[in-house]
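A structural walkthrough
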Amino acid sequence: MKNNLHLDPIAAAVAALKNKDVIAYPTEAVFGVGCDPDSEIAVNRLLELKQRPIEKGLILIAASFEQLKPYIDDSMLSEAQRQAVFACWPGPVTFVFPAKATTPRWLTGRFDSLAVRVTDHPLVIALCEAYGKPLVSTSANLTGLPPCRTDDEVRQQFGADFPVVEGKTGGRQNPSEIRDALTGELFRQG
């Protein structure tokens, strides 16, 4: 598949996702690479591409909280905890939730939790809505290289034929903040 997803970039990206391919797309701060979270083949392709151990777990990015419900168990959250999460969404804050028992290990890694985010980036929203579910999302960079901030940088690192949804990042300097949904503990500064 060619990287130039020009004609209808969202439809072309959805076709690539259905083909279990890994794609790149702009997020709030950097380009992300992602795939279908329900496809072990696609996730293994992403992990191999990133040289990332499965034990680390992954992040899901979604257009809405509803898209995340099949993967997370929010029943342990108090109303105050729920309000703290929703006060940050949509936006560049990732929360770690308890994972449902049915959530695949290729997403959670060694954890019983899953990191998730409801994005406010219009292209990612359109992509997740068109695909009908969240995407695995990790920074678009090869091990040891800085995260890509443009589609040209993605092509330089991943090759000219890598499928890229072209667009601008949200302009943030740092990747998303990561917090525990139950405790509010900060895992990564945003």
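Residues numbered from 1 in each chain as written. Predicted model: local features only at pLDDT ≥ 70, side-chain atom pairs only at ≥ 80, totals over all residues. Heavy atoms only, no water.

- As annotated in an unreviewed UniProt entry, the protein chain is Threonylcarbamoyl-AMP synthase from Phytobacter ursingii.
- Here is the UniProt Sequence similarities (unreviewed entry) comment for the protein chain, exactly as written: "Belongs to the SUA5 family. TsaC subfamily."
- Listed in UniProt under the heading Subcellular location (unreviewed entry), the comment for the protein chain reads: "Cytoplasm". (UniProt positions renumbered as here; feature names shortened; annotations may be inferred.)

1. Description of the sheet that holds strand β8 (residues 186–188)
- Within the open sheet, the 8 strands sit side by side as β1-β2-β6-β3-β5-β4-β7-β8. Their pairing is mixed. Two strands in the sheet have a free side with no partner beyond their single neighbour: β1 (23–26) and β8. Recorded for the sheet is a direction-independent mean angle of 40° between the axes of neighbouring strands.
- Summarising the sheet, strand β7 (residues 177–180) and β8 pair through 2 bridges and their orientation is antiparallel. Residue pairing in the sheet places Ile 178 in a bridge with Arg 188 of β8. (Pairing = 2+ DSSP bridges. Helix = DSSP H or I, 4+ residues; strand = E, 2+ residues; numbered from the N terminus. Axes fitted to C-alpha atoms, helices over the stretch in contact; angles between N-to-C directions.)

2. Details of the nonpolar core
- Judged by nonpolar contacts, the single largest core of 36 residues is most densely connected at Trp 89, Phe 97, Leu 107 and Val 154.
- Among the elements of the structure, β2 (31–34), α2 (40–50), β3 (59–62), α3 (65–68), β4 (93–98), α5 (105–108), β5 (113–118) and α7 (151–158) are those that each provide at least two residues to this core.
- If you tally residues by element for this core, the top one is α2, at 4 residues.
- Look past the residues within four positions of Phe 97 in its chain and what remains in contact with it is Phe 65, Ile 72, Asp 73, Asp 74, Leu 77, Val 85, Trp 89, Ser 113, Leu 114, Val 116 and Ala 181.
- Counting 15 residues, the second-largest nonpolar core is a separate cluster that includes Ile 10, Val 14, Ala 16 and Ile 23. (Core = buried A, V, L, I, M, F, W, Y, C linked by side-chain atoms within 4.5 Å. Buried < 20%, exposed > 50% of the residue type's maximum accessible area, 1.4 Å probe, protein only. Contact = heavy atoms within 4.5 Å.)

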